[in-house]
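Each chain, written out:
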Amino acid sequence: MKKENLSFTKEEFLAIYREMLLLRRFEENAGQLYGMGLIGGFCHLYIGQEAVAVGIKRAIKNTDTIITSYRDHGLMLSAGGCPKSIMAELLGKSTGCSKGKGGSMHMFDLEKGFYGGHGIVGAQVSLGTGLAFAHKYKDTDNISVTLYGDGASHQGQVYESFNIAKLWGLPVLYIIENNEYAMGTSVERASSTKELYKRGESFGITGKQVDGMNFFAVYEAVKEAADFIRKNSTPFLLEMKTYRYRGHSMSDPAKYRAKEEVEEYKAHHDPLTSLKEFFAQNQVVSEEELKAIEVEVKEIVKESAEFAQTSPEPDEEELYTNVYKD
Ligand SMILES: Cc1ncc(C[n+]2csc(CCOP(=O)(O)OP(=O)(O)O)c2C)c(N)n1
Ligand SMILES: [Mg+2]
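Predicted model only: the values in this text are computed from it and were never measured. (Residues numbered from 1 in each chain as written. Chains lettered and ligands numbered in written order. Predicted model: local features only at pLDDT ≥ 70, side-chain atom pairs only at ≥ 80, totals over all residues. Heavy atoms only, no water.)

**Q** In this structure, what is going on with the coordination of the magnesium ion (ligand 2)? I would like to understand it.
**A** Reference values for angles at a metal are 109.5 degrees in the four-donor tetrahedral case and 90 or 180 degrees in the six-donor octahedral case. Around the magnesium ion (ligand 2), the donor atoms from the protein are Asp150 (OD), Asn179 (OD1) and Tyr181 (O), and they sit 2.1 to 2.2 Å away. Of note, the magnesium ion (ligand 2) draws all its donor residues from one chain, in the sequence arrangement D-x28-N-x1-Y. Here Asp150 is found in the loop between β2 (144-149) and α6 (156-167), whereas its partner Asn179 is found in the loop between β3 (172-178) and β4 (181-182), with 29 residues between them in sequence. You'll find Asp150 and Asn179 in the same group, each marked buried. (Donors = N, O, S within 2.8 Å, 3.2 Å for Na, K, Ca; no water. Helix = DSSP H or I, 4+ residues; strand = E, 2+ residues; numbered from the N terminus. Buried < 20%, exposed > 50% of the residue type's maximum accessible area, 1.4 Å probe, protein only.)

Below is the structure:
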């Protein structure tokens, strides 16, 4: 284990664990509520990918922006979004972060710099590049963290965005969450080249592959990339090698992959287990402290679910509000 990993304070270690556990337990609960028929439409869970979201948020500044795909609950939570309003959004309630009108795929919290939640595969890459343009145009040193999947990495607009980002020196950190599958299609089957971090090379964009199942690896890579982008005003690309434990969405039985493959990730690469192992090896936090966090997180998730279930539906009058910008 690298020495730098020990540079966090005890409070920070506990906060990292709390954040990652919240994502895990929140998503498990969302899955249950979906099973009970309380969540309509699509619901793409983030379980397995927690180290990516939490590692990114810890490594960037609060004024930086984040934009992602429909697999957005985890990133919204790690960005500091309120668990109650996220759960209420999932249940389509008026107290939801998008007033119950966006649902699972369209979470937003502009105060926290979280720009959504986008359902069109790859579309957020162009929008994230636009956010980077805004950061530069307004003369800030903020960066735009723009996430997309392995499947989205084959989209044409990703490359149009790469070109303009490099040409105009835009401060954008492109992050591919390579979770091995795009719906039912594996990277192995769909991708002409497997090293997705090299995809920016012909545009002059440097890329790096990262162990996305390890919080410290994500944190260090994002920190380094963000510093580089701020210093040089230029895009950078990170490929996070990660894995989703659940199906593409709640309606996917995931028959295209072997159960043993999923079990292998859970047993040997789980981001929460490896973090706990690190804590035990280095004796930085105690078992009791972790247990207390587990109780705390359970309570937050329970309260969120109760809040969501007892909140009212949006009013009919809301049907036409927030549709167009005045
Ligand atoms: C332009 C477009 N094409 C197809 C779809 C249907 N679709 C939804 S998700 C998805 C797979 C994307 O996979 P990936 O980018 O790897 O993200 P992940 O779901 O693994 O997070 C597809 C093809 C869509 N929403 N938009
Ligand atoms: Mg994928």
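So much for the structure itself; the text now carries on.
**Q** Explanation requested: the UniProt feature "domain: Dehydrogenase E1 component" (unreviewed entry) in the chain in the structure shown.
**A** The UniProt record annotates "domain: Dehydrogenase E1 component" (unreviewed entry) at residues 19-315. As annotated, residues 19-315 comprises 46% helix and 10% strand, and the C-alpha atoms at either end are separated by 33 Å. (UniProt positions renumbered as here; feature names shortened; annotations may be inferred.)

**Q** Sorry if this is basic, but what is going on with the environment of Gly92 here?
**A** Along the chain, the position of Gly92 falls in the loop between α4 (83-90) and α5 (123-137). Distance from Gly92 to Glu220, taken between C-alpha atoms, is 37 Å for residues 128 residues apart in sequence. The contact partners of Gly92, leaving out residues within four places of it in the chain, are Gly100, Glu313 and Pro314. (Contact = heavy atoms within 4.5 Å.)

**Q** Quick question: what am I supposed to make of a nonpolar patch on the surface here?
**A** Where nonpolar side chains cluster on the molecular surface, the patch consists of Phe133, Tyr137, Leu167 and Trp168 and spans about 520 Å² of accessible area. Along the chain, the position of Phe133 falls in helix α5. Using a relative accessible area of 36% as the deciding quantity, one classes Phe133 as partly exposed. (Patch = residues over 30% accessible without salt bridge, like charges linked within 9 Å, V, L, I, M, F, W, Y side chains within 5 Å. Areas by Shrake-Rupley, 256 points an atom, 1.4 Å probe, with all protein chains shown as cover. Salt bridge = Lys/Arg side-chain N within 4 Å of Asp/Glu carboxyl O.)

**Q** It is not clear to me how the site of ligand 1 should be interpreted in this structure. Could you clarify?
**A** As a matter of local geometry, ligand 1 sits amid 15 residues, with Tyr70, Arg71, Gly151, Ala152 and Asn179 nearest to it. At 3.4 Å, a side-chain N or O of His248 approaches an oxygen atom of ligand 1. When the free accessible area of ligand 1 is taken as 590 Å², the share hidden by the protein chains comes to 71%. When the residues that make up the shell around ligand 1 are grouped by side-chain class, the tally is seven nonpolar, six polar and two charged. (Near = heavy atom within 4 Å. Polar contact = N/O pair within 3.5 Å; in protein donor to acceptor, adjacent residues only side chain to side chain. Nonpolar A, V, L, I, M, F, W, Y, C, P; charged D, E, K, R; others polar.)

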